[in-house]
Amino acid sequence: MSTRTAVSLLQHVAITGTATIYLAPDKTKQNLSCSQISALPNQTRPQVPIFSPRALARPIGRCRGGGLGMAPIRVLTALDHARTQYYHFKAIIIAGMGLFTDSYDLFCIVPVMKIIGRVYYPSPAGDGRPGVTPPAVVSATVGVALLGAVVGNLLFGALGDRVGRRRVYGPCLLLLVCSSVGSGFSICRTRRCVLSSLCFFRFILGVGVGGDYPLSATIMSEFANKRTRGAFIAAVFSMQGFGILASSGVTMVVAAAFDRFAGHPDPLDTPEAADLAWRVILMAGAVPAGLTFYWRMAMPETARFTALVQRDVLKATSDMGCVLTDLDLNAMYEGEDAAAMPRTPAPFGYAPAAQYGLFSRGFLREHGRNLFGCAATWFLLDIPYYSSTLFQSQIYRPWFPPASHQNVFQEAYNVARFQAIIAVASTIPGYFAAVLLIDRTGRRRLQMAGFFLMAAFLFALAGPYDHYWRGNAKNAWYIVLYALTFFSANLGPNTTTFILPAELFPARFRSTCHGISAAAGKVGALVGSVGFLWASQSRDRGDVQAGYEPGIGMMYALIILGAISLLGLVVTYFFTPETMRRSLEENESERDQNQDGDGGMCFQELTLTPKSPGSLVSSHVSTSPIHPHRFSV
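All of these numbers come straight from a predicted model, not from anything done at the bench. (Residues numbered from 1 in each chain as written. Predicted model: local features only at pLDDT ≥ 70, side-chain atom pairs only at ≥ 80, totals over all residues. Heavy atoms only, no water.)

Asker: Got a minute to help me understand the side chain of Arg-304 in this structure?
Answerer: Here Arg-304 lies in helix 13 (residues 303-309). In contact with Arg-304, not counting residues within four places along its chain, are Leu-76, Leu-79, Asp-80, Ser-221, Glu-222, Ala-224, Val-309, Ala-507, Arg-510, Ser-583, Leu-584 and Glu-585. (Helix = DSSP H or I, 4+ residues; strand = E, 2+ residues; numbered from the N terminus. Contact = heavy atoms within 4.5 Å.)

Next comes the structure, spelled out in C-alpha cells:
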C-alpha cells in the first residue's frame, strides 16, 4: 500500500466520525513505519485528535526506540496487582477438575485392567493361574487415550484462541463426563465388543482431557495476579495428585465392597459381579467433574481475551468487577472518560500492533524459540515420567501375595493401595513443594533442578539394577528412590512445563501454543508408556513376561531414561526463559511493539467515538491467526 493510499484511507475514516484506525505497514515490505508516518509533511499528515476508546484501548505512550505504543490497559494492570481473594481459589477448583479427572482415569485403568483380564481372559482349566489381560490390549487401551489427548490438545487449544476460552470450557468438561460414563457402560458384555467400545470411549475421554490442559492453564494464568500466578497454576495442576488418590480410594472401596458382597471368592474363581465392579470404578470419575459443570458455564470470559483479542475493554472491566471484589470500577471508568478528551498527538497518533499469523515468519522469529523450548521439554519429561510404571509392578509384587493367591477384588485392592501410598508419600508432596517454591525460585531453575534430580535417581536405580535391585526389591531404599523420581518430576518439570506455555505467548496465541506443547508431551507419554514398556523386557526370553518379546532389559532402559532427563536439563538451559513475576503482557510488548511480522499491513484500533452513551461504534479487526489482516469499517 502506498503512502497516498494509507493517508487517504485514514483521512476517510477520520472524516466519517465512526472510527479511527491507524495502519502500520510491514517494514520488511518497505511500507510505512512509525517514524516514516511521523515524518510526513504537515500538509500531507492529517491532524486527527486521539480519543481513548472508553471500551477498547488506552492512550498512546512512548515505547522502546522512540516509537509510539499502547499504554497498559487498566483492568489488566489491576488484575496483575489484585490481592488474592476467594474467586482465585474457586477458579483453582473449577479449573483443576479436568486435571483431576485426567489422573483419575489414567491411574484407575491399571487395577481395572487386572479385573478385565480375569473376567474376559480366563486361563484354561487346570492351569492354576488367573487370567491376565494381554500386553497388546493394555498398550492399546493406554495408547488410544493418549492419542485422543493429542487431538484434544490441538483442537481445543486452537478453539480457545479463536472463539474464547469460556465458550469451549464447558463443552470440554461435558465431553469428559460423558466419555467417563460411556467407558463404564461399554455397551455390551462380549470380549471383543467390550474392549472395542472401551477403547472408543477412552479416545473420546482423551480428547476431553487433552482439551482441558490448554484451557485450564490459560484461564488460570489470565485470572491470576503476577505475584502468585505460578502458585495458582501449579495448584490447578496439583489436582492431578488428588485425582490419583481419589482413583485409589474409589478402587479400594469398590473392590472391598464387591469382595464382601461376593462372599470372598477363591483366588481362581471370578464372580460375575467383577464385570460390574470395573464399570463402577470408571464411571465414578465423572462425578467430581460433573459437579463443577455449572460453575464452568457461569465463569466470565477472561479479561485478557476480551480486552486483547476481542478488543472490548469495557466488557472486560465489567466482567472482572463481578468476580474480583477489589477492582475500583468507578475509578477505571472515570479514567477512561478523562482519557477520552481530545488531545493533540505528538506529532501523530500511531500504535503498532503485531498482527502476524500463527507459524508465520514473524511468529517464528518472535516466539519460535519459546515454542520449541516448551514442546521439547514437555516431550522429554513425559517419556521418563510415564514410563516410571515400567518397574512399578516389580516394586509392589514382593509386598503382596502372588496373583494366584488372591482373588480378583483383592488384587485390584492391593494395586490401588500401592498407588495411594506412592501418591501420599511422593506425588502430592512434590506438587505442594512446587506450589511453595515456584514464585520464589523461578520456573527455569526449578525445571532444571527437577530434571537433574530425576536423572540422578534413575541412574541410581539403573546402575546396580541387574546385580542388586532385581533380587532386593523389598529393600526400603529401592522404594525411596522410586518415590523420589515422582517427587522430583512433580517438584520441577512436570509442573513447570504446564505453567510456562501459559505465560510466554501473546493472548491471541496463548491457548494454541499451550496445546501444541501439551501435544508434544503426550507424544512423549506414548513413547514412554508403550514403547519403553516393551523395550524394557529382559533380553533373555526365559525371563520375558507373558505376551511380550525380548527387549533391551530394565537396566539399559533406565539408563536411557536418565539420559533423556539430562537432555531435558540441557534444553531448559538453552531455550527456556524466566517468567516469574512478569506481567503476561510484558513478553508481547517487549517483543512485538517494534515489529509487525511478515505479512501485509497491521491494524490497531485506537479511537472510538460513541454515537450515544448506550452504543459504541467500533472497527472490526480480525484476530484470526489465519487471516490476521482482514478488516472492515
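Asker: Help me out: how do you make sense of the pattern of salt bridges in this one?
Answerer: A side chain of one charge can pair with a side chain of the opposite charge when the charged atoms of the two come close. For the coordinates displayed, the defined rule picks out 14 salt bridges. Of the charged contacts in the structure, one is a salt bridge between Arg-304 and Asp-80, with a shortest N-O distance of 2.7 Å. In this pair, Arg-304 sits in helix 13 while Asp-80 sits in helix 3 (residues 74-81), placing the two residues 224 residues apart along the sequence. Glu-222 is paired through a salt bridge with Arg-510; the nearest N and O atoms lie 2.6 Å apart. Here Arg-510 lies in helix 23 (residues 510-535) and Glu-222 lies in helix 7 (residues 191-223), a separation of 288 residues in the sequence. Exposure remark for Arg-510: the relative accessible area of 0% places this residue in the buried category. (Salt bridge = Lys/Arg side-chain N within 4 Å of Asp/Glu carboxyl O. Buried < 20%, exposed > 50% of the residue type's maximum accessible area, 1.4 Å probe, protein only.)

Asker: How should the state of the cysteines be read in this particular structure?
Answerer: By definition, a disulfide links the sulfur atoms of two cysteine residues through a covalent bond. Tallied over the full model, the rule gives one disulfide. Here Cys-188 pairs with Cys-193 through a disulfide, and the sulfurs are 1.7 Å apart. Across the S-S bond linking Cys-188 and Cys-193, the dihedral sits near -120 degrees, which makes this disulfide left-handed. Residue classification places Cys-188 among the buried residues on the basis of a relative accessible area of 17%. (Disulfide = S-S within 2.5 Å.)

Asker: Before we go on, may I ask you to explain unusual backbone geometry in this structure?
Answerer: Residues other than glycine predominantly adopt negative phi, and peptide bonds predominantly adopt the trans conformation. Look at His-264: it is not a glycine, yet its phi comes out positive at around 50 degrees. Its place among the elements puts His-264 in the loop between helix 9 (239-261) and helix 10 (274-284). Located in the positive-phi region is Arg-311, a residue other than glycine, with phi close to 60 degrees. Mapped onto the fold, Arg-311 is located in the loop between helix 13 and helix 14 (313-323).

Asker: Got a minute to help me understand a nonpolar patch on the surface in this structure?
Answerer: Together, Phe-452, Phe-459, Ile-552, Tyr-556, Ile-559, Ile-560 and Leu-566 line one region of the surface with nonpolar side chains, adding up to about 570 Å² of accessible area. Those elements giving two or more residues to the nonpolar patch turn out to be helix 19 (443-462) and helix 24 (554-575). Looking at which element gives the most residues to the nonpolar patch, the answer is helix 24, with four residues. Relative to the elements of secondary structure, Leu-566 occurs in helix 24. (Patch = residues over 30% accessible without salt bridge, like charges linked within 9 Å, V, L, I, M, F, W, Y side chains within 5 Å. Areas by Shrake-Rupley, 256 points an atom, 1.4 Å probe, with all protein chains shown as cover.)

Asker: When you look at empty space enclosed by the protein in this model, what are you seeing that I'm missing?
Answerer: With a probe scaled to a water molecule rolled over the atoms, the places where space remains empty come into view. Tallied over the entire structure, the rule returns eight cavities of 30 Å³ or more. Here the largest cavity defines a volume of roughly 160 Å³. Forming the walls of the largest cavity are 14 residues, and the residues nearest its centre are Asp-102, Leu-106, Ala-145, Leu-146 and Arg-202. Sorting the residues of the lining of the largest cavity by element identifies helix 4 (86-120), helix 5 (135-162) and helix 7 as the ones contributing at least two each. Among the residues making up the lining of the largest cavity, the classes are represented as nine nonpolar, one polar and four charged. (1 Å grid on protein atoms, 1.4 Å probe; cavity = no way out; pocket = protein on both sides within 12 Å on 5 of 7 lines; lining within 4 Å. Points joined across faces, edges and corners; volume = space filled by probe spheres on them. Nonpolar A, V, L, I, M, F, W, Y, C, P; charged D, E, K, R; others polar.)

Asker: Even after reading the chapter, I still don't get the packing of aromatic side chains, so can you show me in this structure?
Answerer: What characterises a pair of aromatic rings is the spacing of the ring centres plus the angle enclosed by the ring planes. For the structure shown, the criterion picks out 19 aromatic pairs. Taking 5.8 Å as the distance between ring centres and 80 degrees as the angle between the ring planes, the aromatic pair formed by Phe-359 and Phe-363 counts as edge-to-face. Taking 5.0 Å as the distance between ring centres and 90 degrees as the angle between the ring planes, the aromatic pair formed by Tyr-573 and Phe-574 counts as edge-to-face. One aromatic cluster is present, formed by Tyr-213, Phe-237, Trp-378, Tyr-431 and Phe-498 through successive ring pairs. One Lys or Arg, Arg-296, reaches over the ring of Tyr-169 and ends 3.7 Å from the middle of that ring. Residue placement shows Arg-508 over the ring face of Tyr-356; its charged tip is 5.0 Å from the ring centre. (Phe/Tyr/Trp six-rings, centres within 6.5 Å; stacked < 30°, edge-to-face > 60°. Lys NZ or Arg CZ within 6 Å of the ring centre and 35° of its normal.)

Asker: Help me out: how do you make sense of the environment of Thr-141 in this one?
Answerer: Within the fold, Thr-141 resides in helix 5. Judged by relative accessible area, which is 0%, Thr-141 ranks as buried. Along the backbone, Thr-141 and Leu-195 are 54 residues apart, and their C-alpha atoms lie at a distance of 8.3 Å. Polar contacts involving the side chain of Thr-141 include one to the main-chain carbonyl oxygen of Val-137, which spans 2.8 Å. (Polar contact = N/O pair within 3.5 Å; in protein donor to acceptor, adjacent residues only side chain to side chain.)

Asker: I tried to follow the nonpolar core on my own but got confused; where do I start?
Answerer: One recurring pattern in soluble globular proteins is that nonpolar side chains are buried together. The biggest cluster of nonpolar side chains holds 91 residues, and the ones touching the most others in it are Tyr-213, Met-320, Phe-498 and Leu-558. No other element matches the nine residues that helix 7 contributes to this core. Each residue touching Phe-498, except ones within four places of it in the same chain, is listed here: Leu-99, Tyr-213, Ala-217, Ile-233, Phe-237, Trp-378 and His-514. In terms of nonpolar packing, the next biggest core, distinct from the first, is built from 25 residues, Ile-109, Tyr-121, Ala-274 and Leu-282 among them. (Core = buried A, V, L, I, M, F, W, Y, C linked by side-chain atoms within 4.5 Å.)

Asker: Mind showing me how you'd approach helix 18 (residues 408-441) here?
Answerer: Note that an α-helix has 3.6 residues per turn; residues three or four places apart therefore point the same way. The end-to-end C-alpha distance of helix 18 is 46 Å, a good match for the 50 Å that 34 residues give at a rise of 1.5 Å each. Capping the start of helix 18 is the job of one residue whose side-chain oxygen sits 3.0 Å from the backbone nitrogen of Phe-409: Asn-407. (Expected span 1.5 Å × (residues − 1).)

Asker: Looking at this structure, how should I read helix 14?
Answerer: Along helix 14, the residues that are buried comprise Val-313, Ala-316, Thr-317, Asp-319, Met-320 and Val-323. Along the axis of helix 14, the buried residues cluster in a sector spanning 165 degrees; they form a single face. (Arc of directions from axis to C-beta.)

Asker: What is the right way to read the environment of Val-144 from this model?
Answerer: Relative to the elements of secondary structure, Val-144 occurs in helix 5. Expressed as a C-alpha distance, the spacing of Val-144 and Ile-204, which sit 60 residues apart in the sequence, is 8.9 Å. Beyond its immediate chain neighbours, meaning those up to four positions away, Val-144 contacts Cys-199, Arg-202 and Phe-203.

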